[in-house]
Amino acid sequence: MSEAERSPTSEGSLRPDATPPAARVFLDSASGQPLHPAALAALTTAYADGWADPRGLPYQNRRAAILLDAARESIAVILGVRADEVSFVSSGTAAVHLGVAGFVPRPQSTVVTSAVEHSSVLAASRLYAANHPGSTATLVPVDSVGRVARDEFDLAVSGQGVVGACLQSANHEVGTVQPTDAAAESCAQAGVPLLVDASASIGSLEPPRQWSILTASAHKWGGPAGVGVLAVRRGSKWRASTPDDERESGRVPGFPNVPAIVAAASSLEAVVQEMVARSARLSALVDVIRRRVPELVPDVQILGDPVDRVPHIVTFSCLYVDGEALLLELDRLGVAVSSGSACTASAQTPSHVLAAMGALTHGNVRVSLPFTCKQVDIDRFLAVLPGAVATVRDHLGARAW
Amino acid sequence: MVTPESGASETSGVDIELDERGKLCPLPIIALGKAAASAPGGTVIGVLSNDAAARYDVPAWCSMCAATFLGSTDHEDYVEYRIRTAGGNRTDD
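Residues numbered from 1 in each chain as written. Chains lettered and ligands numbered in written order. Predicted model: local features only at pLDDT ≥ 70, side-chain atom pairs only at ≥ 80, totals over all residues.

**What to know about the overall build of chain B**
Phase 1: Of the regular secondary structure elements, chain B holds two helices and five strands.
Phase 2: Going residue by residue from the N terminus, the α and β elements of chain B occur as β-β-α-β-α-β-β.
Phase 3: Sorting the 93 residues of chain B into buried and exposed places 42% on the buried side.
Phase 4: Across chain B, contacts joining residues at least 24 apart in sequence account for 62% of those joining residues at least 6 apart. (Helix = DSSP H or I, 4+ residues; strand = E, 2+ residues; numbered from the N terminus. Buried ≥ 20, exposed ≤ 12 C-beta atoms within 10 Å, placed from the backbone. Contact = placed C-beta atoms within 7 Å.)

Put into structure tokens, the structure is as follows:
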């Protein structure tokens with residue numbers, strides 16, 4: 001990849017040949033859904049009515065407190081917990097950081113995670129181990145579709161000194177659903193709190209029911225960015241790692257962004273209401289991609305569980321293709337996707353998820369359908385993909401033999 | 001960069017050695033694909049690479065192209081991967 005090809009993204013500019021915005025197709029919802037109309041409406045109202053500090057006593061403050069309480073109650077009902085078990089935080093990543101940091105240390109603590117957790121979970125576990133002398137972070141391997149090895153997970157959590165375990169509800173890169181209920185049972189037997197990072201599935205699948213700590217991110221369900229959820233069940237072996245603060249049951253410090261939280265709750269209510277029908281529709285579109293891509297593109301590997309997956313994510317890797325070049329070529333043709341390959345804007349090493357699965361790490365494309373995705377969007381993607389792959393292969397001299 | 005086996009490789013039985021050091025994936029894998037396409041079935045190819053992705057992509061290439069991954073040897077600043085081709089043609093041809 002030459003500097004000339006890199007510069008458009010690194011400078012953040014739009015290229016002159018850009019497809020008109022209205023004709024563009026967005027297939028990267030796993031990194032953030034467009035704002036749901038319900039969230040936008042709620043945001044406008046809540047900024048007018050819920051701007052004050054919800055902890056104050058005067059009228060304006062009580063208004064903000066009522067809005068915040070209602071949002072908390074609404075999300076608690078969807079998660080199946082009490083309102084005081086739900087705290088709001090500034091992002092899904094911050095929720096994970098605080099969630100992992102709250103595992104109660106012992107001498108020679110161990111934090112167990114699957115090898116394919118979101119990078120925030122892995123980073124938080126490594127920091128936990130570094131901050132508690134003699135401690136370790138244990139990674140449990142996955143199979144070729146990215147599902148954690150159950151026996152090895154059970155064995156790991158039943159070991160000495162385990163202070164917490166983390167398992168995502170579903171994988172954010174390949175969509176595979178993880179066995180969190182079974183993991184919760186083995187964690188309960190071992191007396192270990194289980195943190196379930198539900199960011200990839202909330203709003204698309206029924207929320208996981210068995211966990212001690214749950215984290216999620218509002219912009220993945222059509223809420224605004226800047227709102228994460230940290231839910232901690234009463235009686236869990238968990239304590240806040242932050243300095244004393246009365247906010248959010250002492251779990252998250254600082255003045256919460258009430259309007260954004262209200263918008264996040266409105267969006268989740270709307271998204272959950274439409275979930276069953278929408279998920280069936282999106283899942284059928286993903287099935288089309290899974291079936292058609294190997295017919296349209298030679299030397300491609302479709303990844304993740306074909307059935308037991310979130311409805312809206314599909315990932316594949318194309319042999320002899322530079323993932324970043326393919327992403328940019330698809331963008332030039334008006335289709336936005338993401339890639340787990342190395343050399344893409346955010347990473348110099350390949351995706352740890354693809355590596356753990358033993359999948360091809362180069363030429364990787366993640367397609368994640370927004371809630372509003374239509375057949376015509378997928379048709380457009382499938383129409384431009386073969387040419388885009390051929391262009392990148394030609395550029396690399398990979399079709400000359 | 002294809003060189004016949006000449007003692008450059010520490011491992012015996014390598015028919016073709018590809019020195020792909022300093023190149024990022026997918027370039028080493030493209031070189032492997034090209035070499036495998038023109039080599040007779042059963043050819044043992046060694047790939048020298050210092051790209052982190054090669055550790056995953058050489059075995060993944062083998063499983064996609066019905067080749068056999070024979071193993072790897074870590075050196076100070078690169079890794080040698082060894083594969084055996086199944087046939088002389090690309091799987092999609």
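**Remarks on the sheet that holds strand β10 (residues 313–318) of chain A**
Residues and elements named next belong to chain A.
Phase 1: One open sheet holds the three strands; their spatial order is β9-β10-β12, and the pairing between them is antiparallel. In this open sheet, the two edge strands, each paired with only one partner strand, are β9 (300–303) and β12 (364–368). Adjacent strand axes in the sheet meet at a mean angle of 20°, parallel and antiparallel pairs treated alike.
Phase 2: Pairing of β10 with β12 involves five bridges; the strand directions are antiparallel. Within β12, the position partnered with Phe316 by the bridge is Val365.
Phase 3: Its contacts with the sheet place helix α9 (residues 275–296) against β9, β10 and β12, and it is angled at close to 160° to β9. (Pairing = 2+ DSSP bridges. Axes fitted to C-alpha atoms, helices over the stretch in contact; angles between N-to-C directions.)

**Description of the environment of A:Gln189**
Phase 1: Following the sequence through the fold, A:Gln189 ends up in helix α7 (residues 180–190).
Phase 2: Placed 29 residues apart in sequence, A:Gln189 and A:Gln160 show a C-alpha to C-alpha distance of 13 Å.

**What about unusual backbone geometry?**
Phase 1: The omega torsion across B:Cys25 and B:Pro26 is 15°, close enough to zero to call that bond cis.
Phase 2: Phi is positive for A:Glu248, close to 50°, though the residue is something other than glycine.
Phase 3: Of note, the phi angle at A:Ser249 is positive, near 55°, even though the residue is not glycine.
Phase 4: Within the secondary structure, A:Ser249 is located in the loop between β8 (228–232) and α8 (258–273).

**What about the interface of chain A and chain B?**
Phase 1: Across the contact, 22 residues belong to chain A and 18 residues belong to chain B.
Phase 2: Its residues assigned to classes, the side of chain A that touches chain B comprises 14 nonpolar, six polar and two charged. (Nonpolar A, V, L, I, M, F, W, Y, C, P; charged D, E, K, R; others polar.)

**So, the nonpolar core**
Phase 1: Counting 146 residues, the largest nonpolar core has A:Ala165, A:Leu194, A:Ile261 and A:Leu326 as the members making the most contacts within it.
Phase 2: Counting residues per element, this core draws most heavily on α8(A), at 10 residues. (Core = buried A, V, L, I, M, F, W, Y, C linked by C-beta atoms within 7 Å.)

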